[in-house]
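# Architecture at a glance
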Amino acid sequence: MVRVELAAGETVKAESGAMVACSPTVDVESKMEGGFLGALSRRMLSGEKFFFQTLRATRGAGEVLLAPTVPGDIVILELDGVNEYLVQKDGFLAGADSVKIESKMQSLSRGLLGGEGFFILRMSGTGTLVLNSFGAIHKVELKPDQEYIVDNSHLVAWTATTSYNIEKASAGWIASFTSGEGLVCRFRGPGVVYIQSRNPGGFGNWIRQFIPVSE
Amino acid sequence: MSQCSPNALCFGDGLPGAGVPCHAEVNPAGLVLDLGEASAETIPFSSFSIDAGGFDHDHLVLKWQARSGSRTLYLKDPHLIRAFRQAAPPELTAHVERTAQQVRRARHGRRTILLVALGSLVGLILLLWLGSDTLVQMAVSRIPVEWEQPIGEAARSQFLAGQTVVKEGPAVAAVQEITKRLADAAPGNPYKFEVTVVRSDVVNAFALPGGYVVVFTGLLKKAESPEEVAGVLAHELNHVLLRHGLERIVKTAGLVAVVTIVVGDQQGLVGLAKRLGVELLTLKFGREQETQADLQGLQLLHRAKIAPDGMIHFFERLSESDKLQVEILSTHPMSAARADRLKAEAASLSRQTPEPFSFEWSAVQAGL
């Protein structure tokens, strides 16, 4: 859970449904970030929610408690106008009003094979950014030209200075899939990669076996 | 921190992994870099190696060897990059321009890919929209008849799960006889039609792919003669013979598959199988398919030597009486145009003496 303190008139934007509790001085508004078309494209393309909620301390200072939908960790990042983060579609929890969010298209092979879909979110601007993960979050720092390999479904966010390629986990295709890793992302520094300890798809498969089938 | 706002990120040995925000400025001697900690240092142009980087390939990456180890600087600000390109000495400019060329080419390539992807997407949608009928028919004609049976069987058992089936009696025998007459008259019929009579006041009947016919007792009660039932059945059997259900499924499946590929939602594929089953039960055929089934149905009646006006009478009579409870009208509305077309088609058929059925209709209805 994140506690955000707002001065009078300040706003914070959050994923819709993220608000847990707030002071009576705070108003909850819903807003389509980037206008109707922008919101539509974000909803359609990146699977992120159509509306963000905006929490505004209209009647004086107050505080807001925010929590993500999925069980997991929260990481707080500071954007200074220079650094940018690329965030997979479910990773955004909240951000200062001055944080710019846009849908970004990945290249064809990354989109098709990366497991993150064609579109990811690019966070730029200045201010605090809060990301959430599924499971624990782990930070990997890469030196210039240092490489690191991450299973694509465990990605949360990475800096824009980090480049990456999709490749198969083992030398052969069959071994790649039978090892249970399938495709992986090879990151190349400099920069930071945030990874999550749990894989939503794998968890879904695991839990599916306990759901009684109707009929 | 320096007075100026940071406009570059510096990485290197001994620096944090996320990079140090710093301020860079171009002057004739080189790049003035202010890391915030000590006084700004000027790095001469000659020590740089240059590359492009970043997610969009729009960052200028400068690498050099500092005393404290190798350093990598990411410049993003377009003004700064332009200033650097202008101030750099000739021997470096050539390399800068080459890098810029690469960036431009990469950006151009990406734009081309985007355009091609968008174009093919639009093309695919257009193709599906306009040429879907031909495509679907091509696909359907490749599906062997045996494949239809499990689809229809699954849909039927799903439907029958909550229903009371009438196993035997005069009604079942009568419906079976009508179906057999029609099926035998259909030329080149590959299906073995199987009829199930379901006890329900709903006035309806439907046929599933593979030749599974379901008739509700409500329909039998409302029908004044076996010819009327035969009319409805002839229409439904033709949906099977013309493989309309299959066409519908292929169309939906194709659409879902395209949407899934575009949106990249893997759960969509899992739900697909289930959705198709539901689709089958709530099958609504297109207007064209209805007309086709109507006309072919009339011809089938004619070939089976059953009076073809039963179907017309039945629908007309039903639409005049109460519209509630008559479910068949919701999927088969009897418009004036439809009646006229049917009548005209019926009139064009050669005259013949209909052969009666072997059962007594009043006895069948009494047994319901």
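Coordinates for the structure precede this section.
Worth saying up front: this structure is predicted, and the values here are computed from it rather than measured.

Conventions used here
- Residues numbered from 1 in each chain as written.
- Chains lettered and ligands numbered in written order.
- Predicted model: local features only at pLDDT ≥ 70, side-chain atom pairs only at ≥ 80, totals over all residues.
- Heavy atoms only, no water.
- Helix = DSSP H or I, 4+ residues; strand = E, 2+ residues; numbered from the N terminus.
- Buried < 20%, exposed > 50% of the residue type's maximum accessible area, 1.4 Å probe, protein only.
- Areas by Shrake-Rupley, 256 points an atom, 1.4 Å probe, with all protein chains shown as cover.
- Disulfide = S-S within 2.5 Å.
- Contact = heavy atoms within 4.5 Å.
- Buried area = accessible area lost by both parts, 1.4 Å probe.
- Salt bridge = Lys/Arg side-chain N within 4 Å of Asp/Glu carboxyl O.
- Polar contact = N/O pair within 3.5 Å; in protein donor to acceptor, adjacent residues only side chain to side chain.
- Nonpolar A, V, L, I, M, F, W, Y, C, P; charged D, E, K, R; others polar.
- Core = buried A, V, L, I, M, F, W, Y, C linked by side-chain atoms within 4.5 Å.
- Patch = residues over 30% accessible without salt bridge, like charges linked within 9 Å, V, L, I, M, F, W, Y side chains within 5 Å.
- Pairing = 2+ DSSP bridges.
- Axes fitted to C-alpha atoms, helices over the stretch in contact; angles between N-to-C directions.
- Expected span 1.5 Å × (residues − 1).
- Arc of directions from axis to C-beta.

### Quick notes on the overall build of chain B
A tally of helices and strands in chain B yields 13 helices and 11 strands. For chain B, with 368 residues in total, the buried portion stands at 45%. In the structure as shown, chain B presents an accessible area of about 19,200 Å², 57% of it carried by carbon and sulfur atoms.

### Some thoughts on the state of the cysteines
Residues and elements named next belong to chain B. Considering all chains together, one arrives at 0 disulfides over all chains under this definition. Note on Cys10: no disulfide assigned, nearest cysteine sulfur contributed by Cys22 at a separation of 5.1 Å. Taking relative accessible area as the criterion, Cys10 reaches 0% and is therefore assigned buried.

### Digging into the interface of chain A and chain B
Bring the parts together and some accessible area is lost; that lost area is often taken as the interface size. In this assembly, 25 residues from chain A lie in contact with 25 residues from chain B. Between chain A and chain B lies a buried interface of about 2,300 Å² when both sides are counted; carbon and sulfur atoms form 61% of it. On the surface where chain A and chain B come into contact, there are 2 salt bridges. In this structure, Lys76 of chain B and Glu84 of chain A form a salt bridge, with 2.6 Å as the shortest nitrogen-oxygen distance. Inspection of the chain A/chain B interface yields 3 residue pairs in polar contact (both at pLDDT 80 or more). For the side of chain A that touches chain B, the elements supplying multiple residues, two or more each, are β10 (99–105), β11 (119–132), β12 (137–142) and β17 (191–196) of chain A. Among the residues forming the side of chain A that touches chain B, the class breakdown is 11 nonpolar, 5 polar and 9 charged.

### A look at the nonpolar core
Residue and element names in this part refer to chain B. If you look at the biggest cluster of nonpolar residues, it comprises 46 residues, and the most contacted ones within it are Ile178, Leu182, Val213, Val215, Leu220, Leu233 and Leu301. Of the residues forming this core, the biggest block, 8 residues, is contributed by helix α4 (residues 170–185). With sequence-adjacent residues up to four places away left out, Leu220 is seen in contact with Ala171, Val175, Val197, Val215, Val229, Trp361, Gln365 and Leu368. Counting residues in hydrophobic clusters, the runner-up holds 25 residues, among them Leu15, Cys22, Leu73 and Ala88.

### Brief notes about a nonpolar patch on the surface
On the surface, a cluster of nonpolar side chains totalling about 510 Å² of accessible area is made up of Phe203, Trp206, Ile207, Phe210 and Ile211 of chain A. Residue Ile207 of chain A is classed as partly exposed on the basis of its relative accessible area, which comes to 34%.

### Regarding the pattern of salt bridges
Under the counting rule described, the total for this entry stands at 16 salt bridges over all chains. A salt bridge links Arg156 of chain B to Glu153 of chain B, with the nearest nitrogen and oxygen atoms 3.4 Å apart. In this pair, Arg156 of chain B and Glu153 of chain B both sit in helix α3 (residues 145–160), 3 residues apart, roughly one turn of the helix. Glu153 of chain B sits in the partly exposed class, given a relative accessible area of 34%. Linked through salt bridges whose partners overlap, the residues forming this network are Asp145, Glu147, Arg186 and Arg188 of chain A together with Lys63 of chain B.

### A look at the sheet that holds strand β3 (residues 19–22) of chain A
Residue and element names in this part refer to chain A. A sheet is described by the order of its strands in space; here 3 strands give the open sequence β1-β6-β3, paired in antiparallel fashion. Strand pairing shows two members of the sheet lacking a second neighbour, β1 (2–6) and β3, which therefore form its edges. Direction aside, neighbouring strands of the sheet carry axes that sit 25° apart on average. In this structure, β1 lies alongside strand β6 (residues 62–66), joined through 5 bridges in antiparallel fashion. Counterpart to Glu5 in the pairing with β6 is Glu63.

### Some remarks on α3 of chain B
Residue and element names in this part refer to chain B. Taking 1.5 Å per residue as the helical rise, α3 with its 16 residues ought to reach 22 Å, and the 23 Å between its terminal C-alpha atoms agrees with that figure. Among the residues of α3, those classed as buried are Val145, Glu148, Gly152, Ala155, Arg156, Phe159 and Leu160. All buried residues of α3 project into a common sector of 125° when viewed along the axis, lining one side. With respect to the buried face of α3, the exposed residues turned more than 90 degrees away are Glu146, Trp147 and Pro150.

### Quick look at the sheet that holds strand β7 (residues 69–75) of chain B
The strands making up a sheet are joined through hydrogen bonds of the backbone, oriented either antiparallel or parallel. Residues and elements named next belong to chain B. Strand order in this open sheet of 7 strands is β4-β3-β2-β1-β7-β6-β5, and the pairing throughout is antiparallel. With partners counted over all chains shown, the strands left at the sheet margins are β4 (41–44) and β5 (49–53), one partner each. Taken over all neighbouring pairs, the strand axes of this sheet differ in orientation by 35° on average, direction set aside. One ladder, built from 3 bridges, connects strand β1 (residues 8–12) with strand β2 (residues 20–27); its direction is antiparallel. Bridging from a neighbouring strand, Ala8 pairs with Cys22 of β2. Of the strands in this sheet, β2, β3 (30–34), β5, β6 (59–66) and β7 are in contact with helix α1 (residues 78–87), which crosses β2 at around 40°.

### Looking at helix α9 (residues 287–303) of chain B
At 3.6 residues per turn, the α-helix brings residues three or four places apart onto the same side. All names here are of chain B. Spanning 17 residues, α9 covers 24 Å between terminal C-alpha atoms, matching the ideal 24 Å at 1.5 Å per step. All of the buried residues in α9 are Gln289, Glu290, Ala293, Asp294, Gly297, Leu298, Leu300, Leu301 and His302. A positive backbone phi angle near 60° is found at Lys305, which sits one or two residues after α9.

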